[in-house]
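Here's the letter readout for the chains.
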Amino acid sequence: MRIVKVRQFGLPEVLRLEESEEPQAGPHQVVIVVEAAGVSFGDTSIRAGKYPFPLPFAPGWAVGGQIRSVGPDGDLTLVGKPVVALTKAGGGYGEQVVTDVTNVFSLPKDLSVEQALGVFLAGGTAISILKTVQIEPGETVLITAAAGNTGSQLVQLAKAAGAGTVIGAAGGKEKLAVVSRLGADVVIDYGENDWVEQVRNVTGGRGADVVIDAVGGTIGRQAFEVTTNGSGRLVVYGSSSGTEATICLHDLAMRGITVIGALGMAMARTEQETRAHMETALQEAAAGRLVAVIGQRYPLERAADAHAAIEARQAIGMVLLIP
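In this text the structure is predicted, and so the values were computed from the model without any measurement. (Residues numbered from 1 in each chain as written. Predicted model: local features only at pLDDT ≥ 70, side-chain atom pairs only at ≥ 80, totals over all residues. Heavy atoms only, no water.)

## Regarding the overall build of the protein chain
When you go through the protein chain residue by residue, the secondary structure sums to 10 helices and 15 strands. Radius of gyration (C-alpha) of the protein chain: 20 Å, near the 20 Å computed for a compact globule of 323 residues. The principal-axis extents of the C-alpha atoms in the protein chain amount to approximately 60 × 40 × 35 Å. The long-range fraction of contacts in the protein chain, counting pairs at least 24 apart against all pairs at least 6 apart in sequence, stands at 71%. Accessible surface for the protein chain amounts to roughly 14,300 Å². Of this, 53% is attributable to carbon and sulfur atoms. (Helix = DSSP H or I, 4+ residues; strand = E, 2+ residues; numbered from the N terminus. Rg over C-alpha atoms; globule rule 2.2 N^0.38 Å. Contact = heavy atoms within 4.5 Å. Areas by Shrake-Rupley, 256 points an atom, 1.4 Å probe, with all protein chains shown as cover.)

Here is the structure:
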């Protein structure tokens, strides 16, 4: 079978398509025929060597497809079922992948594999973030990277949670159009020099009650500046700019803002809680209340192009590799 592997850290071009033997399921495992694999910003960071990961490795940590086989004494009724799954050992950028059965999620009726793949992880993350921040009815919520896979679902879920005004911030007209279609009350291009003033104007000078940032760097710092004094909450769950936002502790203390490290809190949740959030995301999608934006699809041999698009911040919504 065909699979993408990384034999040295570096630029997207280190992603190489190779031939490999078909995986075999061990005890408590299943083999999935991959119909689509998710590509995320985290994937690009691992490929670049920003996290310790043994070489060589096969990237891809979220897939959708059909179960081909189960391990010894496995549940044979699973064979042929459409699923989405986490592949904690990687290998998702391939035609088939093996994973533990505990990492597999059955698809709700009438939900496509692509939509399920788009919502189960990103939607679960968004649900976890909003449970942590506890939006009050009528509050103003600013979401950066609002056209990304998680950001686009945060827009929808924040509105459903009772936010009075959801401000979606992204770069460029195409992204803003997507964010607007998803239900944001206001869209702002943070590529414009006055975007901070635009947020202040929308909020009557107060800033946003809740700011959820995944960009970091200068934009992350500016997001902090437009967080409401006293009761404001700044939620940080990523740094797609490649750098962290710098916030002075004195400024933080004087303004009385609460900063929440959402990813750390999410990782501290039990596996049962995390799985419950993913199941909820799938059910919300099946009910039509949560939609994944599938922005780009690439064949396996163009995995490098998928990574390059994400790193250039050209991607919209979910980026997929199609075997």
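## A look at the side chain of Arg233
Summarising the element assignment, Arg233 is placed in strand β12 (residues 233-236). Among the polar contacts listed, one links the side chain of Arg233 to the backbone oxygen of Val133, at a separation of 3.3 Å. Filtering out sequence-adjacent residues up to four positions away, Arg233 remains in contact with Val133, Gln134, Ile135, Glu136, Glu139, Asp209, Val210, Val211, Thr227, Thr258 and Ile260. (Polar contact = N/O pair within 3.5 Å; in protein donor to acceptor, adjacent residues only side chain to side chain.)

## What about helix α9 (residues 271-286)?
With 16 residues, α9 should cover 22 Å at 1.5 Å per step; its first-to-last C-alpha distance of 23 Å lies within 8% of that length. Of all the positions in α9, only His277, Met278, Ala281, Leu282, Glu284 and Ala285 are classed as buried. Projected down its long axis, α9 carries its buried residues within an arc of 165°, all on one side. Gly288 occupies a position one or two residues after α9 and carries a positive phi of about 85°. (Expected span 1.5 Å × (residues − 1). Buried < 20%, exposed > 50% of the residue type's maximum accessible area, 1.4 Å probe, protein only. Arc of directions from axis to C-beta.)

## As for the sheet that holds β12
With parallel pairing, the six strands of this open sheet are ordered in space as β10-β9-β8-β11-β12-β13. Of all strands in the sheet, those bounded by a partner on one side alone are β10 (186-189) and β13 (258-261). When the angles between neighbouring strand axes are averaged without regard to direction, this sheet yields 15°. This element, helix α5 (residues 195-202), spans β8 (140-143), β9 (165-170) and β10 of the sheet and lies at about 160° to β10. (Pairing = 2+ DSSP bridges. Axes fitted to C-alpha atoms, helices over the stretch in contact; angles between N-to-C directions.)

## Some points on the environment of Val199
Inspection of the secondary structure puts Val199 in helix α5. By relative accessible area, Val199 is classed as buried at 0%. Separated by 28 residues in the primary sequence, Val199 and Thr227 place their C-alpha atoms 9.7 Å from one another. Those residues in contact with Val199, other than ones at most four positions away along the chain, are Ile167, Ile188 and Val226.

## Let's talk about unusual backbone geometry
A cis amide bond links Leu55 with the next residue in sequence, Pro56, at an omega value of -10°. Structurally, Pro56 is set in the loop between α1 (41-47) and β4 (62-70). For Arg313, which is not a glycine, the phi torsion comes out positive at approximately 55°. The topology assignment puts Arg313 in the loop between α10 (303-311) and β15 (318-322). Owing to a relative accessible area of 33%, Arg313 belongs among the partly exposed residues under this scheme.

## Considerations on the packing of helix α2 (residues 113-133) against α9
Two elements in contact, α2 and α9, have axes separated by 7 Å at closest approach and are oriented at 120°. Comparing the axis directions of α2 and α9 gives the class oblique. You can see that α2 and α9 cross each other, and the crossing is right-handed. The segment α2 lies against α9, with Ala116, Val119, Phe120, Leu121, Gly123, Gly124, Ile127, Ser128 and Lys131 engaging His277, Met278, Thr280, Ala281, Leu282 and Ala285. When its residues are assigned to classes, the contact of α2 with α9 shows nine nonpolar, five polar and one charged. (Parallel < 35°, antiparallel > 145°, perpendicular 65-115°, else oblique. Left-handed = near helix turned anticlockwise from the far one by under 90°. Nonpolar A, V, L, I, M, F, W, Y, C, P; charged D, E, K, R; others polar.)

As far as function goes, none of this settles anything; it's purely spatial.
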